[in-house]
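# Tertiary structure, described
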Amino acid sequence: MKKVVLKLEINKDKLKKKAMKTVLGLSGVESFSVDIKEKELTLIGNIDPIKVVAKIKKVCPAEIISVGPAKEGNKNGINPLIFHGAASVEEDIHPNRCVIM
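Rules used throughout
Residue positions are counted from 1 within each chain, in the order its sequence is given. Confidence filtering applies because this is a predicted model: local features only for residues at pLDDT of at least 70, side-chain atom pairs given and counted only at 80 or more, and all residues used for totals across whole chains, interfaces and linings. With hydrogens and water set aside, each side-chain value is computed from the structure's full complement of heavy atoms. Under the DSSP-based scheme used, a helix requires at least four consecutive residues in state H or I and a strand at least two consecutive residues in state E, with every element numbered from the N terminus. Using a 1.4 Å probe on the protein chains alone, a residue whose accessible area is under 20% of its type maximum counts as buried, one over 50% counts as exposed, and one in between counts as partly exposed. Residue contacts follow a heavy-atom distance rule, with two residues in contact if any of their heavy atoms lie within 4.5 Å. Under the convention used here, a 1.4 Å probe and the Shrake-Rupley method define accessible areas, while residue burial counts only the protein chains that appear. In a helix, the anticipated span is given by 1.5 Å times the number of residues less one. Only when DSSP finds a minimum of two bridges between them are two strands counted as paired. The predictor reports its confidence for every residue as pLDDT, a score running from 0 up to 100. For patch building, the residue pool is restricted to those with more than 30% relative accessible area and no salt bridge; the joining distance is 9 Å between like charges and 5 Å between nonpolar side chains (Val, Leu, Ile, Met, Phe, Trp, Tyr). The rule for a salt bridge is simple: a side-chain nitrogen of Lys or Arg has to be within 4 Å of a carboxyl oxygen of Asp or Glu. Positive: Lys, Arg. Negative: Asp, Glu. His and the chain ends are not part of the count. Where a charge lies is defined by one atom per residue type, namely NZ (Lys), CZ (Arg), CG (Asp) and CD (Glu).

## Re the overall build of the protein chain
A count of helical and extended segments in the protein chain gives two helices and five strands. Along the protein chain, helices (α) and strands (β) appear in the sequence β-α-β-β-α-β-β when read from the amino end. In the protein chain, buried positions account for 28% of the 101 residues. Sequence-distant contacts, at least 24 apart, represent 67% of the contacts inside the protein chain between residues at least 6 apart. Here the protein chain has roughly 6900 Å² of accessible surface; of this, 53% comes from carbon and sulfur atoms.

Here's what the structure looks like:
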């Protein structure tokens, strides 16, 4: 399990949504969060950082800030799937979708 932090050049809400949709489509991603003020995207999961950056670069400029081991989640072995801000990604497409956070 890896924690990958990327620096993104996100200056519009539309680019943020596209980047989040791209992350949602990646296999192995267990959770992610976007910090708009710092322009950082943090991903946790069994992912290849090079492949992640290649996919994100199709949407907006990105570079790797750090790659390291992710901290262990729950002691019982169950890691919840958490997508911070995922409700806003599909907001326009599926307005009646239920999102549990």
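## Here we look at helix α1 (residues 13–24)
Here α1 contains twelve residues, and its C-alpha end-to-end distance of 17 Å stays within 8% of the 16 Å for a straight helix at 1.5 Å per residue. In this structure, the buried residues of α1 make contact with β1 (2–8), β2 (29–35), β3 (40–45) and α2 (49–57).

## Points about the pairing of β2
Pairing of β2 with β3, which is carried by six bridges, proceeds in the antiparallel orientation. The residue bridging valine 29 from the neighbouring strand is glycine 45, located in β3. Joining the antiparallel neighbours β2 and β3 is a turn of four residues, in which lysine 39 adopts a positive phi near 55 degrees.

## Some remarks on the confidence of the model for the protein chain
Looking at the protein chain, pLDDT values average 77 and 70% of them are 70 or higher. Below pLDDT 50 for its whole length, residues 74–94 participates in 34 contacts with residues either more than four positions away or in separate chains.

## Some points on a positive patch on the surface
Taken together, the side chains of Lys12, Lys14, Lys18 and Lys21 define a basic patch exposed on the protein surface. Lysine 21 gets classed as partly exposed once you look at its relative accessible area, which sits at 38%.

## Things to note about a nonpolar patch on the surface
A cluster of nonpolar side chains, namely Ile50, Ile64 and Val67, defines an oily patch on the protein surface of about 260 Å² accessible area. Examined against the element boundaries, isoleucine 50 turns out to sit in helix α2. Taking the relative accessible area as the measure of exposure, isoleucine 50 reaches 59% and is therefore exposed.

## Observations concerning the environment of leucine 43
By the secondary structure assignment, leucine 43 is in strand β3. For leucine 43, a relative accessible area of 0% gives the class buried. Excluding residues that lie within four positions of it along the chain, leucine 43 makes contacts with Lys2, Lys3, Val4, Leu6, Val23, Val29, Ser31, Phe32 and Val52.

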